[in-house]
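Observations on the model geometry
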Amino acid sequence: MNSIMKKIATGFGVGVLSGLLGVGGGVFMVPIMVGWFGFTQHVAQATSLAMIIPTAFFSSIVYSLHGSVDLKIAMVLAAGSMFSAALGSRVMTRLPAATLKQLFGVMLVVVGIRMVIA
């Protein structure tokens, strides 16, 4: 399988998991892009964010059709996160890749533990 087909297949698998679990694909794609595709941590995280728009759009439509989206809360949360995401992106560009990778890993572990305990 050529490189483009591997990336399309990976995107397909991550898309299914993202839609199923209601998470951004970054929790899957960033480690895959770094480990399998050889991206730097910075490029993987930035690329993952660029992928969110179409992934979230189509997943949100399906969830909305099933009455699972609280649009009011979504808009309130989006309003706060749009500006803080820009700030976080600026900080990300100033961090060494090793630090960024560690922060990403810690975030995954903490969120995973909270999900299991809750």
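These figures come from a predicted structure and were not determined experimentally.

**Looking at the side chain of Ser18**
By secondary structure assignment, the location of Ser18 is in helix H1 (residues 3-21). Among residues more than four places away in sequence, those in contact with Ser18 are Val23, Gly24, Gly25, Phe28 and Thr55.

**So, the nonpolar core**
If you look at the biggest cluster of nonpolar residues, it comprises eight residues: Val14, Met29, Val30, Ile32, Met33, Val34, Ala44 and Phe104. Broken down by element, the residue count for this core peaks at five residues, all from helix H2 (residues 26-35). Other than its neighbours up to four places away in sequence, Ile32 contacts Thr10, Val14 and Phe37.

**Regarding the side chain of Thr10**
By secondary structure assignment, the location of Thr10 is in helix H1. For Thr10, a relative accessible area of 12% translates into the label buried.

**A few points about the packing of aromatic side chains**
By the definition in use, this model includes two aromatic pairs. Considering the side-chain rings of Phe37 and Phe39, the 6.4 Å spacing of their centres and the 50° angle between planes classify their relative orientation as tilted. When its relative accessible area of 23% is taken as the criterion, Phe37 is described as partly exposed. Assessed through its relative accessible area of 25%, Phe39 is described here as partly exposed. Ring centres of Phe57 and Phe58 lie 5.1 Å apart, and the angle between their planes is 80°; on these two criteria the pair is classed as edge-to-face.

**Details of the environment of Val43**
Here Val43 shows up in helix H3 (residues 41-65). With a relative accessible area of 43%, Val43 lands in the partly exposed category. The sequence separation of Val43 and Ala118 amounts to 75 residues, and the corresponding C-alpha distance is 33 Å.

Definitions and limits used
Residues numbered from 1 in each chain as written. Predicted model: local features only at pLDDT ≥ 70, side-chain atom pairs only at ≥ 80, totals over all residues. Heavy atoms only, no water. Helix = DSSP H or I, 4+ residues; strand = E, 2+ residues; numbered from the N terminus. Contact = heavy atoms within 4.5 Å. Core = buried A, V, L, I, M, F, W, Y, C linked by side-chain atoms within 4.5 Å. Buried < 20%, exposed > 50% of the residue type's maximum accessible area, 1.4 Å probe, protein only. Phe/Tyr/Trp six-rings, centres within 6.5 Å; stacked < 30°, edge-to-face > 60°.

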